[in-house]
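Here is how the chains run, residue by residue.
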2 protein chains.
Amino acid sequence: MTAPFDVAPLLAPDTPAPAVKWNGFPKYNFIGGHIAAEQVPVDDLVAAATAVLKREGAMLAKYNHTGPLGYRPLREFLVGKLKSHADIDCTADEILITSGSTQGLSLVNSLLVGKGDTILVEQETYGSAISRLVKIGVNAIGIPLDDEGLRLDLLKQKLEELQQKGIKPKYIYTIPTIQNPTGAIMGEARRAALLKLAAEYGVMIFEDECYSDLIWTNKRPPSLYAMAKGEGVIFIGSFSKSLGPALRVGYIVAKWPVLSRLQALKQDAGTGAIEQMVLAEYCSKHFADHVVRSNKLLSSKMQVLREALAEQFGTAAEFGDPPGGIYLWIKLPENVDTMKLAQAALAAGVSINPGPEWSVNPVHSRNRLRLCFANPEPEAIKQGVAVLAEVCRREFGVPLRSANIDKL
Amino acid sequence: MTAPFDVAPLLAPDTPAPAVKWNGFPKYNFIGGHIAAEQVPVDDLVAAATAVLKREGAMLAKYNHTGPLGYRPLREFLVGKLKSHADIDCTADEILITSGSTQGLSLVNSLLVGKGDTILVEQETYGSAISRLVKIGVNAIGIPLDDEGLRLDLLKQKLEELQQKGIKPKYIYTIPTIQNPTGAIMGEARRAALLKLAAEYGVMIFEDECYSDLIWTNKRPPSLYAMAKGEGVIFIGSFSKSLGPALRVGYIVAKWPVLSRLQALKQDAGTGAIEQMVLAEYCSKHFADHVVRSNKLLSSKMQVLREALAEQFGTAAEFGDPPGGIYLWIKLPENVDTMKLAQAALAAGVSINPGPEWSVNPVHSRNRLRLCFANPEPEAIKQGVAVLAEVCRREFGVPLRSANIDKL
């Protein structure tokens, strides 16, 4: 036998803890941004794959056969979609296809921030954006939110305070259209005021629109990128929430002086071509109709979750009725520690995002949690919420009494 | 109009220069690791895509539906392929699917090296491996090669010298099976001696097998990973050279104490699922036969390039007859500076890899170059080499006289 090799003495500093072995998804899965199985248009994807591979499959022999920005027909589809949806005027050469919007986050961070830099984020925000910033050693300052998103009075105060200390934040990261996790949409007037403020202090805006296709009414204000004509704004989007997160395809929109630098940082020899080709072929025919259908399904699932929460938690759970998205942001009584709740719930087969994972203010988020409702079937949503309520009552004494539901 | 925003004052330190706009491929493209269009099995890929998407397409609604190591049927295919091809005994849980083997390079570097660390590489090696190490600030020391790859006498000498200085190199990066760029295959005895040496000095081996499917005889020694039973070795491979580089699918094989740490570093929310699913479906039926067919094509193209070089450069170009791969490593007369030649050739429509981009010893590689022959048609290989010879003669006076060929 060969002796086991100990890698520990060779590790680079600050490597994360090893992964634990994966044991499958929990029975009631309310995390992870999965979408509904019915949202995946399987037959149309098969037709798209067949058409595009027959026509252009031989081009897989080359890296980036339509250039390093990504598959050109997909970028051309996006030009039209971004115009009609987000009011963005851009060319196909102002779009960089990325391997998921998570790669967009990494590239923008590589471009702008290093250890010790300061940035501003929404106090509650995308957990994976936070964890990336923590890993780099960035000082991410949270700005509290209201029903329209970022509170500009508090943002201005913080910008002023930082300026007086001689600190220039690199960017303001915002999800203004279906905020993650609150689901808020920032109105047009506040968007204009935000852009004015950012320009005044010379700070870039990093606008994340990963969820903006999922609006029940399909109505929304123009994107910050559109309103600023792209100056001082970097925009990212994704196909994960409309067509499937297992497709690792996202995009960055930026003016060329910024995009050319992001392209130089993208050292992965391209994003998967089959996925880009299938998406371009599919989306050019079906995307608009598909989104309308998906949103009907998602809005009905959201109501299932809201009703289940009301039934199981009664007044112990506070939550809104967001205009879109795949999650609810829920406030439980003050004594509930959702980090502990998450552990206990997982042991009972229910996964949740505890508030502190989705916030830079662990005190404010201590008794909050995020539940994603897109993937579980309606019956599983009801059962999962019942189990969660039972675990919560056992651990924290709330909700006070159990609803009258079928036990599993 | 909105005023242009100047991003320069906000950039992180050491960001690379902006990309220049892409203007299409050069007419005679001898770089980039593209493969032959005929190598892409279009009809079989269409059939595979149809079958797997119909059966499992709805699973695209979940991230990593068979776990964070990647699509399980693809890992299971690899278990069999690695056993029969490279003599590796491993389980599907010792394989991490990556977004191209380039992601493998990045992950291994993240795991093991930081700025100022020392590693050992083959003096001539994969250009993108070198550029990544330069970017991190790693001290990559080159070990000269012979017809079998790494010269172990010089490796031992260097290991000894470093030990005396108190420097422990983190890993030895080697491409022992169809070395890039020389095409050499390291024999089994030397492999055993290399492993012994690495163990003696406590250095890991990082074995890159991206080209090992492309061996004309399909015969090869066991991989270093196999011989070491995985202890102290990290192995990476790719589908880029057998099925298409635009498919961004590679893999890492390592024992769990190492692989679990690499998985923790892979923060991209998974590698594209459609590509993994199509590959698994295709490869389980066709991979072995496909490789045999591809190699016939590639070996004939290599002879076209060798003959064209002999015709156009005569004795001015020295090169071998490698047992596989998609490139030739060529030595020109001492006075030729291939960095300058590459620029002049590109202006004439011919792209080449100048030696210094594929070597950590710019003196030794100054008059060398790499030509990839897989993508251009045989006629384009002949014409491109003729143009290259003409440019070389104009710039450096060699080859002395022009061959009697049709001018373009």
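The shown structure was predicted, so the numbers you read here are calculated from the model rather than taken from an experiment.

Novice: What exactly am I supposed to notice about the side chain of A:Gln123 here?
Specialist: All names here are of chain A. With respect to the helices and strands, Gln-123 occurs in the loop between β3 (118-122) and α4 (127-136). Within polar-contact distance, the side chain of Gln-123 engages the side chain of Asn-361 at 3.2 Å. Contacts of Gln-123, omitting those with residues within four sequence positions, involve Gly-142, Ile-143, Pro-144, Leu-145, Trp-358, Ser-359, Val-360, Asn-361 and His-364.

Novice: Just checking my understanding: could you explain helix α4 (residues 127-136) of chain B for this structure?
Specialist: One turn of an α-helix holds 3.6 residues; hence residues three or four places apart share an orientation. Residue and element names in this part refer to chain B. Regarding α4, the residues found buried are Gly-127, Ser-128, Ala-129, Ile-130, Arg-132 and Leu-133. Along its buried surface, α4 packs onto α3 (100-112), β3 (118-122), β4 (139-143) and β7 (171-174). Taken from the residues just after α4, Gly-137 is the one with a positive phi, measuring 90 degrees.

Novice: What is the right way to look at the sheet that holds β4(B) in this model?
Specialist: Adjacent strands of a sheet form backbone hydrogen bonds with each other and so pair up, either parallel or antiparallel. Residues and elements named next belong to chain B. On the basis of which strands lie adjacent, the open sheet formed by seven strands has the order β2-β10-β9-β8-β7-β3-β4 and mixed pairing. In this open sheet, the two edge strands, each paired with only one partner strand, are β2 (95-98) and β4. Between one strand axis and the next, the sheet turns through 20 degrees on average, direction left out of account. Here β3 runs beside β4; their pairing, made up of five bridges, is parallel. Each residue of the ladder has a partner; that of Leu-120, found in β4, is Ile-141.

Novice: Honestly, the packing of helix α10 (residues 273-313) of chain A against helix α13 (residues 378-396) of chain A in this entry has me stumped. Any pointers?
Specialist: In a packed pair of helices, the relevant descriptors are the angle between the two axes and the axis-to-axis distance. Residues and elements named next belong to chain A. The N-to-C vectors of α10 and α13 enclose an angle of 30 degrees; their axes lie 9 Å apart at closest approach. Considering their axes alone, α10 and α13 lie roughly parallel with respect to each other. For the pair α10 and α13, the crossing hand works out as right-handed. Residues Lys-301, Val-304, Leu-305, Ala-308, Leu-309, Gln-312 and Phe-313 of α10 form the contact with α13, whose own contacting residues are Pro-378, Ile-381, Lys-382, Val-385, Ala-386, Leu-388, Ala-389 and Cys-392.

Novice: Where do I start with the relation of the copies chain A and chain B in this structure?
Specialist: Between the two copies of the chain lies a relationship made up of a rotation around an axis and a movement along it. Aligned on chain B, chain A shows an RMSD of 0.0 Å; the corresponding rotation is 180 degrees and the shift along the axis is 0.0 Å. When the rotation and shift are considered jointly, the pair of chain copies conforms to a two-fold rotation axis.

Novice: I tried to follow the domain arrangement of chain A on my own but got confused; where do I start?
Specialist: One widely used convention gives an interface's size as the accessible area the parts lose upon coming together. Residue and element names in this part refer to chain A. In terms of domain boundaries, chain A breaks down into domain 1 (24-41 + 289-396) and domain 2 (42-286). In this assembly, 30 residues from domain 1 lie in contact with 35 residues from domain 2. With both chains or domains summed, domain 1 and domain 2 bury close to 2700 Å², and 60% of this area falls on carbon and sulfur atoms. The tally of links from domain 1 across to domain 2 stands at zero salt bridges. At the boundary of domain 1 and domain 2, one finds 26 residue pairs in polar contact (both at pLDDT 80 or more). For the side of domain 1 that touches domain 2, the secondary-structure elements that each account for two or more residues are α10 and β11 (327-331). The element best represented in the side of domain 1 that touches domain 2 is α10, accounting for nine residues. When grouped by side-chain class, the residues that make up the side of domain 1 that touches domain 2 number 15 nonpolar, 12 polar and three charged.

Novice: Whenever I open this one, the pattern of salt bridges confuses me. Can you help?
Specialist: When the charged atoms of two side chains with opposite charge come close together, those side chains can pair. Enumeration over the complete set of coordinates arrives at 45 salt bridges over all chains. Put simply, A:Arg55 and A:Glu281 hold a salt bridge, and the shortest N to O gap is 3.0 Å. Of this pair, A:Arg55 sits in helix α1 (residues 42-56) while A:Glu281 sits in helix α10, placing them 226 residues apart in sequence. Judged by its relative accessible area of 11%, A:Glu281 falls in the buried class. One salt bridge connects B:Asp268 with B:Lys266, and the closest N-O pair in it is separated by 3.1 Å. A cluster of three or more residues bridged by salt bridges with shared partners is formed by A:Arg55, A:Glu56, A:Glu281 and A:Lys285.

Novice: Is there a simple way to think about the sheet that holds strand β4 (residues 139-143) of chain A in this case?
Specialist: Residue and element names in this part refer to chain A. Reading across the sheet, the seven strands line up as β2-β10-β9-β8-β7-β3-β4 and stay open at both edges, with mixed pairing between neighbours. Looking at which strands have only one partner, the edges of the open sheet turn out to be β2 (95-98) and β4. Across this sheet, the average inter-strand angle for adjacent strands is 20 degrees, counted without regard to direction. Sheet topology note: the β3/strand β7 (residues 171-174) ladder contains two bridges and is parallel. Pairing of Leu-120 across the sheet is with Ile-172, part of β7.

Novice: Even after reading the chapter, I still don't get the pairing of strand β9 (residues 233-238) of chain A, so can you show me in this structure?
Specialist: The two faces of a sheet get side chains in turn, since along a regular strand they alternate between them. Residue and element names in this part refer to chain A. In terms of burial, β9 is largely enclosed, as six of its six residues are buried. Covered by surrounding structure in β9 are Val-233, Phe-235 and Gly-237 together with Ile-234, Ile-236 and Ser-238, the residues of both alternating faces. One ladder, built from four bridges, connects strand β8 (residues 204-208) with β9; its direction is parallel. Considered in β9, the bridge of Asp-208 is made with Ile-236. Relative to strand β10 (residues 250-253), β9 runs antiparallel, the two being bridged by four bridges. The residue bridging Ile-236 from the neighbouring strand is Ile-252, located in β10.

Novice: What's the story with the UniProt feature "domain: Aminotransferase class I/classII large" (unreviewed entry) in chain A in this structure? I'm lost.
Specialist: UniProt tags residues 64-387 of chain A as "domain: Aminotransferase class I/classII large" (unreviewed entry). In this annotation, residues 64-387 of chain A is assigned 45% helix and 16% strand; the end-to-end C-alpha distance for the span is 49 Å.

Novice: Sorry, what's going on with empty space enclosed by the protein here?
Specialist: Over the atoms, a rolling probe the size of a water molecule traces out where space has been left empty. A full pass over the atoms with the stated rule returns six cavities of 30 Å³ or more. By volume, the largest cavity is sized at about 100 Å³. Lining the largest cavity are 15 residues, and of these A:Asn64, A:His65, A:Thr271, A:Ala273 and A:Gln276 lie nearest its centre. Split into classes, the residues belonging to the lining of the largest cavity amount to five nonpolar, eight polar and two charged. Every residue along the wall of the second largest cavity is listed here: B:Asn64, B:His65, B:Thr66, B:Gly67, B:Gly70, B:Tyr71, B:Thr271, B:Ala273 and B:Gln276. Class assignment for the residues of the lining of the second largest cavity results in two nonpolar, seven polar and no charged.

Rules used throughout
Residues numbered from 1 in each chain as written. Chains lettered and ligands numbered in written order. Predicted model: local features only at pLDDT ≥ 70, side-chain atom pairs only at ≥ 80, totals over all residues. Heavy atoms only, no water. Helix = DSSP H or I, 4+ residues; strand = E, 2+ residues; numbered from the N terminus. Polar contact = N/O pair within 3.5 Å; in protein donor to acceptor, adjacent residues only side chain to side chain. Contact = heavy atoms within 4.5 Å. Buried < 20%, exposed > 50% of the residue type's maximum accessible area, 1.4 Å probe, protein only. Pairing = 2+ DSSP bridges. Axes fitted to C-alpha atoms, helices over the stretch in contact; angles between N-to-C directions. Parallel < 35°, antiparallel > 145°, perpendicular 65-115°, else oblique. Left-handed = near helix turned anticlockwise from the far one by under 90°. Least-squares fit on C-alpha atoms with pLDDT ≥ 70 in both. Domains from an automatic or database assignment. Buried area = accessible area lost by both parts, 1.4 Å probe. Salt bridge = Lys/Arg side-chain N within 4 Å of Asp/Glu carboxyl O. Nonpolar A, V, L, I, M, F, W, Y, C, P; charged D, E, K, R; others polar. UniProt positions renumbered as here; feature names shortened; annotations may be inferred. 1 Å grid on protein atoms, 1.4 Å probe; cavity = no way out; pocket = protein on both sides within 12 Å on 5 of 7 lines; lining within 4 Å. Points joined across faces, edges and corners; volume = space filled by probe spheres on them.

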